[in-house]
Each structure stands twice: as structure tokens, then as C-alpha cells.
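Structural overview for review
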Number of protein chains: 2
Amino acid sequence: MSEHKNSQVIRDLIDRLSRLNAAEDWNGPLNPSQFAALSYLARANRFSRAPSHVAEYLVTTRGTASQTLKALARKGLIRESRSATDKRSIRYDVTDLGKDMMKAPSGLANVIDDLPEEIVKDLTGSLKTLVREILKTRKGRSFGLCRTCAHHRNRGNGAYCNLLDVSLAPPDANEICHEHIAA
Amino acid sequence: MSEHKNSQVIRDLIDRLSRLNAAEDWNGPLNPSQFAALSYLARANRFSRAPSHVAEYLVTTRGTASQTLKALARKGLIRESRSATDKRSIRYDVTDLGKDMMKAPSGLANVIDDLPEEIVKDLTGSLKTLVREILKTRKGRSFGLCRTCAHHRNRGNGAYCNLLDVSLAPPDANEICHEHIAA
DNA sequence: TCTAATAGTAGCGAGTCGAAACTATTGCAA
DNA sequence: TTGCAATAGTTTCGACTCGCTACTATTAGA
């Protein structure tokens, strides 16, 4: 039988899908990597917006991530903010211009929105499983939402992080955290 | 609610998955684009191995595809073969060395192989739907298997292509064709 | 026949990519 | 307290992708 393996077919579909998606990015002012970095920063909480976090999320090196972030800063889409407590580290915040950039329509998003809800649910679950399992073999971080983390505690109106020992303002808990550990 | 849209989540998962997959390629002698081009050539039939076909499959330009193919040829993984009937066109054939390269183990493939059969089936179906719908809006070709094409006809032991008016040897029908139209 | 379409390529500038070398901090232990 | 070692970020390098434009060669069609 010259039928191809299931894993080969899926691998190919994922590659094709991301190429089709990336081809759209190239038409805009941002290339796919820059868009991915900006998109991450827009969804990451204040503890997770350093170059090294972006590097790990994008599965690349700190050097490469550094260059991509410099390019975004040059274009005025993010702004660097130095830490007072640790003079080595930098946090990049997304500017209003950067936030606008995230609103651009996407062909892939349109297609997904037209899919039946049940299919979307299953697809999301399957993709999450794949990402989780690969991250397990690579010992990579999950980058899940703060409020779904094992260190997250509800506290009055807000919340608290047991790992970093800090109070969490409302937005923090709904954003991505690089310290995330599945509860 | 600051919950993100389903489409955004799925888009992100696909990007993350392809980055995790691509990161593995970088460890080898081929970069992700070169690997994708080689993988395509290894599965495409003799009518579909020209630079312009690779370009359309990889959703890029002929110029970029041309460079990637030259790089693969330099590494001895593919060999160019000029056409006798049309002196403009070139067909690249995968060498034995190139075929060996395709056997490299993949972390993503391993994870997929461990998934329950039912999940794999649903996932494949959903991803195929997404690719099909996006291609529809872009007016792109489907690049399906020859034997699932509307122009495919069984004929004795072999098969026949009604579009190109040629007999199909056994391997042809099980390979990708750039002229593919869903039956 | 002559012009338009097609196939492939070369070169440009911006940027990604890993890798290695480098600076500036911070942490920790003797 | 001094003195490394670890950490955070950057820079540079060479190979390459990427869209784009301009170009050559060939073929198709009016």
C-alpha cells in the first residue's frame, strides 16, 4: 500500500495551514514572526513580556527574538520598559498602534468562524493535546492563562499568585503567564 | 468577558504547532522550507514537480521556490530533469539521498501516532475542511491525490487521466497532482 | 508572423534563523 | 566581602526565506 501515514497527513495539513495563514501576514506591514510576537505580547501578562519569554513561546533563541522585538519597537508597535528591581530585564508593552494592528481581519479566522460549534470544540481540544504532548517531550512551558494555573488563588475581588507572591489585578488573571502550570 | 475568540485560539494553536514542528527541522541539514519542498516533491507525481508547482503548494512565489530548489539540488537531494517537449519547463526528481532524508523521525509524528484513532480521524477531517475552505477563497489548487480526481479513470490494470490524456502508471495515481479537482 | 502568455531565474533589501561571542547585572557561596 | 557562576539581553555572522522587479527563453495563439 502506498497510502501515507496518518501522522504524515496531519503534519502536512498543519504546515499547509500555517503557510496559507502566513501568506496573508506578508501582505501587511508585519511579517509572520513579527505578527506572532506582537500577538503574544498583546495577550501576555506583565510578568511574561520579556524577550526571553517571547523567545520560548515562539520556539526560537533569545537572539532572534531580540531582533524581532527591536523591529516591532522601530515600527512603534511596542515600547520597552525597564524594570526597577532587576536592571537586566526588559518588558515590552504593546502601544495603542500595536493593539490596532491586532484587529486586522484574517482569512483563517473567517473560515473557522463559519465552522459548526461542535467541530470547533473538538478541533481546539485535539490541537491543545498535540501542543501539550510535544511540550512535554521538549520540557517546554505551557503558556496557559493565569487563572487556570496551579498557583492561582482567588482573593476577594481579585486574585493572588502563590508562586510570585503578588496580587493580581483583574486583567492579569485572564492573560498568558510564562510561569503557568496546569492546575 | 476578556475571553478570546475561538478562531484566535485555533489560529494560535496552529502557529504554535508549526513552530514546534519547524524547530525540529532546524536541527537537521534542512531548514523548514527546504524540508517542506522536498517532502512535496517526494509525494508529487511526474506532472507536478516543476518549480511553479512547488511555489503554489508552498504558498510562495516562483522566485523563492526556485532558490529553495537550487539549494536542495546543491545538497544532492533532488536532480533537475529538463522536458523534451517544452524546453522552458523543469522537473525535479528526488534522489535516493533525498528519499532517505524523509525517513527522519519527527516528534510531532510520534505524538500523533499515540493519539486514539477516532481523534486522529476527526482532526484530519477538520484540518482538511479548513484547508479546503481557505483555498476556495484564495482560488488555490487542492493538490489532492490523483486517484481521487474528477479526471481520473480506471482502465484495465492501470488508470487514465482525462485532462492530460495520458496513461497513468501505478505510482502516479497514488501521488499528489497539481491538476487535482475533487471528484 | 508577431505579440502575448508562460516557465524559470537573478538580484535587491528586509528580515528570520541558530550559533557564538559579548556586556551588564544579580545571586550565591566560601 | 569577595569572587565566581548564572541570568538577561544584545550583537554579529553566514545561510537562507521572502516578496518584488526585471530579465531571458520558449511556446501559444490571433
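In this text, all values refer to a predicted model and were calculated from it rather than measured experimentally. Note that residues are indexed from 1 along each chain, following the sequence as it is written. Each chain is given a letter, starting from A, and each ligand a number, starting from 1, according to the order in which they appear as written. Local features in this predicted model are restricted to residues of pLDDT 70 or higher, and side-chain atom pairs are both shown and tallied only at a pLDDT of 80 or more, whereas totals for entire chains, interfaces and linings draw on every residue. To obtain the side-chain values, all non-hydrogen atoms of the structure were included, while hydrogens and water were left out.

Comments concerning unusual backbone geometry
Residue and element names in this part refer to chain B.
- Positive phi is not limited to glycine here, since Val 59 has a value of about 55°.
- Only DSSP runs of H or I with at least four residues qualify as helices, and only runs of E with at least two residues qualify as strands; both kinds are numbered from the N terminus onward. Mapped onto the secondary structure, Val 59 falls in the loop between helix H3 (51–57) and helix H4 (62–74).
- The backbone phi angle of Phe 143 is positive, close to 55°, even though this residue is not glycine.
- Along the chain, Phe 143 falls in the loop between helix H7 (117–138) and strand E3 (152–155).
- Burial classes follow relative accessibility: with a 1.4 Å probe on protein chains only, a residue under 20% of its type's maximum area counts as buried, one over 50% as exposed, and anything between as partly exposed. By relative accessible area, Phe 143 is classed as buried at 6%.

Section: the sheet that holds strand E3 (residues 152–155) of chain A
Residues and elements named next belong to chain A.
- Here a strand pair is declared whenever DSSP counts at least two bridges between the two strands. Read from one edge to the other, the open sheet built from three strands follows the order E3-E4-E5, with strand pairing classed as antiparallel. Sheet topology places E3 and strand E5 (166–168) at the edges, where each strand pairs with a single neighbour. Strand-to-strand twist across the sheet, computed as the mean angle between neighbouring axes with direction ignored, equals 35°.
- Note: E3 against strand E4 (residues 158–161), four bridges, orientation antiparallel. For helices, the fitted axis covers only the stretch in contact; all axes are lines through C-alpha atoms, and the angles between them, taken along N-to-C directions, range from 0 to 180 degrees.

Looking at the relation of the copies chain A and chain B
- Superposition record for chain A on chain B: RMSD 0.0 Å, screw rotation 180°, translation along axis 0.0 Å. Read as a symmetry element, the transformation amounts to a two-fold axis. Here the copies were fitted onto each other by least squares, based on C-alpha atoms from residues at pLDDT of at least 70 in both.

Section: the side chain of Thr 124 of chain A
- Summarising the element assignment, Thr 124 of chain A is placed in helix H7 (residues 117–138).
- Once you skip the residues sitting within four places of it in the chain, Thr 124 of chain A turns out to touch Val 9, Ile 10 and Leu 13 of chain B. In what follows, a contact means two residues having at least one pair of non-hydrogen atoms within 4.5 Å.

Some details on empty space enclosed by the protein
- Points on a 1 Å grid over protein atoms alone make up a cavity when a 1.4 Å probe fits among them but cannot get out, and a pocket when they form an open set with protein on both sides within 12 Å along at least five of seven lines; lining residues each have an atom within 4 Å of a point. Grid points are joined across faces, edges and corners, and a volume is the space filled by probe spheres set on the points. In this structure the tally under the stated criterion is three cavities of 30 Å³ or more.
- Space inside the largest cavity adds up to approximately 180 Å³.
- For the largest cavity, the lining is made up of 15 residues, of which Asn 21, Phe 35 and Ala 36 of chain A together with Arg 11 and Asp 15 of chain B are closest to its centre.
- Counting only elements with at least two residues in the lining of the largest cavity, the list comes to helix H1 (6–25) and helix H2 (32–43) of chain A together with helix H1 (6–25) of chain B.
- Looking at the lining of the largest cavity, the element that brings in the most residues is H2 of chain A, giving five residues.
- Of the volumes computed, that of the second largest cavity is approximately 80 Å³.

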